[in-house]
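Residue strings, one per chain:
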Amino acid sequence: MTAAEVKVSFAQAEDAAAIRELLVESASSFDVEAEFQRTYARLWVARTQARARPLGVALTWEVADEVHLIDLMVAKAARRQGLGRALLQALLSHAEQGAFRVVLLEVRRDNHPARALYSTFGFRLSGEREKYYSDGEDAILMQRVLYAGTP
């Protein structure tokens, strides 16, 4: 599957159940309904067809001139098929069009596939958070600067 075959859009209320299933499968947790209510939150979904069930989801928060990638996950059965790449491309395009200065994220130190994907999109190491995750694993902070000064 190519990124062109993946459909990325903002999530709708009818996507909530599928997003909750992805959260369980990925051992992640956020309150889907609460995120729909936050004015600064954006929930993105990736599908293989226009009306298909979401197989990937990304949560971002837009704060001042920054976009924070809070979570990005793809169903295990659909990994390595371009869904994560398509989600990242969509949110970066949105950030660039919205004149955001930087996109920030944290990733588990041992999540090498995710770190490699972020690096291919121009994200660079910007710091670390020791024992950040509940299991004691460190977080790697990464950022992609979209522009250095006033747009």
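Residues numbered from 1 in each chain as written. Predicted model: local features only at pLDDT ≥ 70, side-chain atom pairs only at ≥ 80, totals over all residues. Heavy atoms only, no water.

### Concerning the overall build of the protein chain
- When you go through the protein chain residue by residue, the secondary structure sums to four helices and seven strands.
- Helices (α) and strands (β) of the protein chain occur, in sequence order from the N terminus, as β-α-α-β-β-β-α-β-α-β-β.
- Over its C-alpha trace the protein chain gives a radius of gyration of 15 Å, about what one expects of a compact globule, namely 15 Å for 151 residues.
- Taken over the C-alpha atoms alone, the protein chain extends approximately 40 × 40 × 30 Å along its principal axes. (Helix = DSSP H or I, 4+ residues; strand = E, 2+ residues; numbered from the N terminus. Rg over C-alpha atoms; globule rule 2.2 N^0.38 Å.)

### Comments concerning the packing of helix H3 (residues 83–97) against helix H4 (residues 112–120)
- Relative orientation of the contacting elements H3 and H4 amounts to 40 degrees, with a least axis distance of 11 Å. The angle between H3 and H4 falls in the class oblique. The two elements H3 and H4 meet at a crossing, and its hand is right-handed. On H4, the residues that touch Gly84, Arg85 and Leu88 of H3 are Leu117, Tyr118 and Thr120.
- Its residues assigned to classes, the contact of H3 with H4 comprises three nonpolar, two polar and one charged. (Axes fitted to C-alpha atoms, helices over the stretch in contact; angles between N-to-C directions. Parallel < 35°, antiparallel > 145°, perpendicular 65-115°, else oblique. Left-handed = near helix turned anticlockwise from the far one by under 90°. Contact = heavy atoms within 4.5 Å. Nonpolar A, V, L, I, M, F, W, Y, C, P; charged D, E, K, R; others polar.)

### Examining the packing of aromatic side chains
- One pass over the full model with this rule turns up four aromatic pairs.
- Sitting over the face of the ring of Tyr133, Arg108 holds its NZ or CZ atom 4.3 Å from the ring centroid. (Phe/Tyr/Trp six-rings, centres within 6.5 Å; stacked < 30°, edge-to-face > 60°. Lys NZ or Arg CZ within 6 Å of the ring centre and 35° of its normal.)

### Describing the environment of Met73
- Checked against the element boundaries, Met73 lands in strand E4 (residues 66–74).
- With relative accessibility at 4%, the residue Met73 sits in the buried group.
- Sequence-wise, Met73 and Pro113 are 40 residues apart; in three dimensions their C-alpha atoms are separated by 12 Å. (Buried < 20%, exposed > 50% of the residue type's maximum accessible area, 1.4 Å probe, protein only.)

### Details of the side chain of Thr60
- For Thr60, the position within the fold is in strand E3 (residues 56–63).
- Within polar-contact distance, the side chain of Thr60 engages the side chain of Trp44 at 3.4 Å.
- Here Thr60 is in contact with Tyr40, Ala41, Arg42, Trp44, Val67, His68, Leu69, Ile70 and Leu91, once residues within four sequence places are set aside. (Polar contact = N/O pair within 3.5 Å; in protein donor to acceptor, adjacent residues only side chain to side chain.)

### Remarks on the sheet that holds strand E1 (residues 7–10)
- Taken together, seven strands build an open sheet; the order of strands is E1-E2-E3-E4-E5-E7-E6 and the sheet is mixed. A single partner strand is all that each edge strand has here, and the edge strands are E1 and strand E6 (124–129). The mean angle between the axes of side-by-side strands here comes to 25 degrees, regardless of whether they run parallel or antiparallel.
- Pairing between strand E5 (residues 102–108) and strand E7 (residues 139–145): seven bridges, direction antiparallel. The residue bridging Val103 from the neighbouring strand is Arg144, located in E7. (Pairing = 2+ DSSP bridges.)

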